[in-house]
Amino acid sequence: QRRKNEPFEKNRGQIIVGLQQGLGDGALLSGSYYRSQELDYLSNSFVGAFTQEMNDKNTTLSLRGQISSDWVGEVLENGDIPRLRKRSYNGSISLAQVLSANTVYDIGYDLVMHKGFLSDPYRQLRVFDAAGAYTLADELHPESRTRHAAATKLSQFIPPIKASIIGSYRYYFDSWKVKSHTAELKFNKYVLNDLVFGVNYRYYTQSGAYFYSDRYVGAQFTTTGLRTADYKLKPFSSNNFGLTLTYLLRGLAKSNPDLEFLQDSAVELVYFRYFNDLDFSADIIQASIK
């Protein structure tokens with residue numbers, strides 16, 4: 001709105017530097033640094049991870065920690081960009097267990113803590129008075145948030161039809177009283193020796209934050225009253241349906257020694273259809289080389 005008659009352009013650059021070190025006996029230690037910068041947002045993150053294979057490599061334990069320090073900015077009408085601090089601390093643990101030659105089970109837990117400015121400086125909402133008139137106010141979120149998530153997944157390969165079924169479930173809750181359930185089912189099938197067709201469906205549903213309201217009424221919501229214009233803090237449900245086509249380059253690498261470096265590479269095409277009960281939908285098409 002502030003510059004609606006001007007072309008909108010925004011650039012973001014990022015860099016990731018990492019190092020992995022094998023420790024012997026199936027142990028791997030890694031660390032990385034991440035920096036992302038744009039006109040009104042700066043983020044720095046340090047990530048450490050440890051992985052240990054056990055039980056003849058049938059069990060894998062993974063630990064991961066991350067510390068992020070962000071500066072959240074807002075472009076004002078006069079061109080100034082005041083910035084506020086946001087810090088995040090993330091820890092996770094996961095365990096993968098081979099149950100049989102064709103079955104793998106995964107379980108994991110994540111803990112995330114946010115401190116500082118957790119609102120969006122550009123989001124505004126209407127605050128009404130008793131007569132029905134309204135004024136615009138910036139959203140105001142609490143200055144801390146603790147988030148928990150537990151997930152489980154079962155992967156089953158079916159040799160007679162050269163296909164796999166993967167089912168997963170994730171439960172989430174946080175200190176803002178948001179709770180969510182995510183269930184996903186994937187089916188992958190070899191249609192040729194190096195060509196895999198996949199289909200998946202995901203259902204998601206969540207409750208709203210304790211301070212979310214469809215309508216904020218009262219002068220307190222123009223000052224210190226917590227308020228939000230973030231649709232992700234509303235109660236809603238969503239559906240995601242996807243199709244995937246993956247071409248494995250291992251056959252090409254095997255037949256041509258000069259292309260042996262492509263042994264573990266693949267080309268992937270993905271289509272997703274997303275829709276929710278907030279009157280929002282999207283078609284997503286993605287192509288990638290892994």
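Residues numbered from 1 in each chain as written. Predicted model: local features only at pLDDT ≥ 70, side-chain atom pairs only at ≥ 80, totals over all residues. Heavy atoms only, no water.

Asks: Can you break down the overall build of the protein residue by residue, with the values?
Replies: A count of helices and strands for the protein gives one helix and 16 strands. Expressed as lengths along the three principal axes of its C-alpha atoms, the size of the protein is roughly 75 × 40 × 40 Å. The buried share among the 290 residues of the protein stands at 29%. Of the contacts made within the protein by residues no fewer than 6 positions apart, 52% connect residues no fewer than 24 positions apart. Accessible surface, the protein as shown: approximately 18400 Å² in total, 57% of it carbon and sulfur. Charge centroids of the protein, computed over 33 positive and 30 negative side chains, lie 3 Å from each other. (Helix = DSSP H or I, 4+ residues; strand = E, 2+ residues; numbered from the N terminus. Buried < 20%, exposed > 50% of the residue type's maximum accessible area, 1.4 Å probe, protein only. Contact = heavy atoms within 4.5 Å. Areas by Shrake-Rupley, 256 points an atom, 1.4 Å probe, with all protein chains shown as cover. Lys, Arg positive; Asp, Glu negative; His and termini not counted. Charge placed at Lys NZ, Arg CZ, Asp CG, Glu CD.)

Asks: Could you give an account of a nonpolar patch on the surface, with specific residues and numbers?
Replies: Side chains of Val191, Leu192, Phe197, Tyr201, Tyr203, Phe241, Leu243, Leu245 and Leu269 sit close together on the surface and give an oily, nonpolar patch of about 770 Å² of accessible area. Secondary structure elements with two or more residues in the nonpolar patch: β11 (179–192), β12 (195–206) and β14 (236–248). Residue placement: Phe197 occurs in strand β12. What makes Phe197 partly exposed here is its relative accessible area of 33%. (Patch = residues over 30% accessible without salt bridge, like charges linked within 9 Å, V, L, I, M, F, W, Y side chains within 5 Å. Salt bridge = Lys/Arg side-chain N within 4 Å of Asp/Glu carboxyl O.)

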